[in-house]
Amino acid sequence: MASGDLPKEANGLQLNFCKTLACDNFGMSEAQRYVVQHANPKRPAMVCRECGAFPPLLNNQEVLNELQRLRSYHCTGLPACRNEACEHFGLSIHTHKHLYHAFGYSGDRQRYRCKSCQLTFVDKWSGANNKLTFQENLLALLFTGYSVREICRKLDINPKTFYDHIEHIASRCRRKLAMFDARWVTHADQFELASHYVALQPKSNNGVFWLATGDAKSGYILCQNVNYSANEEPTGESDHNPFTTPARFVPYDYSTEASQPQAPLATDLRERIDQQYQAILARGNVEDPMGNLTYFHYPSKGALIRPPYTSYAHFLHVLSLCPDDKRVTVYLPQDPLLRSAALSVSLPRIKAKTVDLMYVDGKWGTNLPLNKIDIVHMGWWRDRWAIAENNDYAKGICYLAGDRNDPKLWLQTASIESTAFYQSRFQLLFQSFINEPRRKLRPAGLLPVLDIFRAWHNLCYQNKSGVTAAQSLGLTSNPMALRELLS
Ligand SMILES: [Zn+2]
Ligand SMILES: [Zn+2]
């Protein structure tokens, strides 16, 4: 490897370029535009010769590997071609009907045949659920906030049986969700999305982050991912090396960088934005929130993925769901973990002028006039924030990319609240489950619960007006009962 090269592109994907929109090198991946070094892993590997920014390097192939991992997790239990050598592998019949023939029945379950490789498979969950009442009881207890131990005692089952049921229920939920997701993305005229992320288990310091993106208005969650793989082992070098594969795993001997825990976020908007920029700059890699951890405990099983890889794969997946000719607007919390990924994978859309990306913080009253908007340049990057404040409200917008830089419009409409609410609700509802002492380093048991929660949140949970997220999007006319979710 000659010094000075960027990591190789993979399948046409090259995510290494300057991420400063106003810079001449934005979106450009010719190595001579950058100072690239990988002798010292503690120093920036790539510095933009134009603007001095130092976007962390990525292994493009590993982003694709992560995308493959996320997609195969999403379709666990979904009816899809199971032949890894086939081009239809993992593409479910719900989203790719044209790839399969209906091919009779197996008992009461629908059978399909792949048009490419002729492999047949059954839709496991198309038949009746003979555990319906039992699983309905189990879910009701889970949603009431009981711990696994208590649920097992009440239903007289052992933990293994409990988790088997949870897996089955999650599979049925994924199947139901796939149908509604497909209905949405094929019929929507445009997408107004809100992304957000949190530590999955805030008290565990286990490095597992949970990213979610949903419809900003209705709160319908389209996609969620976690940077943790239950069935893999971390391999590769200790320091991140984007020039070798694998590069995406956090090593067992990862050590924390932060000397003091993050202070609680300020209530004053400008102070909070400034504070967040300081937290970001304190990270060894500005795109990796693990750099803010003061304590770290590796999950006792499985592999942790470096968060940027999951974030890039998350946005690659989300944007692949939105048809190219439909406009996509994404509201983000102020964090390069999401910003860099959303911006980089949107490059074709930025050129085609079919995307808006922005940071959003704070709240503005409905129909409240915007008499005065301050423009403030903040943080090391001198990001341009538009801020509106009065006695009761304060809201800031930092328009990151797109051709509609209209602060007034966005101060009135942009919001990440629906997705942030979804995540905080999960953590509130399942806090005893999340914080069980033996669960702290075993996040795997939470993953199927995330799918169940997404299904419940999108299809069953009714807002103050008695309407579900799926109803607001016009995907269905009625709320779904828990029982229906399971059948
Ligand atoms: Zn630059
Ligand atoms: Zn096939």
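In case you missed it, the structure is sitting above this.
Not measured: the values here are computed from a predicted model. (Residues numbered from 1 in each chain as written. Chains lettered and ligands numbered in written order. Predicted model: local features only at pLDDT ≥ 70, side-chain atom pairs only at ≥ 80, totals over all residues. Heavy atoms only, no water.)

### Some words on the overall build of the protein
Then, in step 1: A count of helical and extended segments in the protein gives 14 helices and 15 strands.
Then, in step 2: Here the protein has a C-alpha radius of gyration of 23 Å; the compact-globule value for 487 residues is 23 Å, and the two agree.
Then, in step 3: C-alpha extents for the protein along the principal axes are approximately 65 × 60 × 45 Å.
Then, in step 4: In the protein, the proportion of contacts linking residues at least 24 apart, taken out of those at least 6 apart, comes to 66%.
Then, in step 5: For the protein, the centre of its 54 positive side-chain charges and the centre of its 46 negative side-chain charges are spaced 5 Å apart. (Helix = DSSP H or I, 4+ residues; strand = E, 2+ residues; numbered from the N terminus. Rg over C-alpha atoms; globule rule 2.2 N^0.38 Å. Contact = heavy atoms within 4.5 Å. Lys, Arg positive; Asp, Glu negative; His and termini not counted. Charge placed at Lys NZ, Arg CZ, Asp CG, Glu CD.)

### Structural notes on the pattern of salt bridges
Then, in step 1: Tallied over the entire structure, the rule returns 21 salt bridges.
Then, in step 2: Of the charged contacts in the structure, one is a salt bridge between R283 and D335, with a shortest N-O distance of 3.0 Å. Highlighted residues: R283 in the loop between α5 (269-281) and β10 (303-304) and D335 in the loop between β11 (327-332) and α7 (336-345), separated in sequence by 52 residues.
Then, in step 3: The exposure class assigned to D335 is buried, which follows from its relative accessible area of 3%.
Then, in step 4: Taken together, the salt bridges that share partners define one network made up of E62, E66, R69, E232 and R248. (Salt bridge = Lys/Arg side-chain N within 4 Å of Asp/Glu carboxyl O. Buried < 20%, exposed > 50% of the residue type's maximum accessible area, 1.4 Å probe, protein only.)

### Overview of the coordination of the zinc ion (ligand 1)
Then, in step 1: For the zinc ion (ligand 1), the full set of protein donor atoms is C18 (SG), C23 (SG), C48 (SG) and C51 (SG), at a range of 2.2 to 2.4 Å.
Then, in step 2: Each of the four donor atoms bound to the zinc ion (ligand 1) contributes to angles spanning 102 to 117 degrees, and the resulting shape is tetrahedral.
Then, in step 3: Within one chain, the residues serving as donors to the zinc ion (ligand 1) are arranged as C-x4-C-x24-C-x2-C. Here the two residues C18 and C23 agree in accessibility, since each one is buried. (Donors = N, O, S within 2.8 Å, 3.2 Å for Na, K, Ca; no water. Tetrahedral: all angles 85-135°; square planar, octahedral: opposite > 155°, others 65-115°.)

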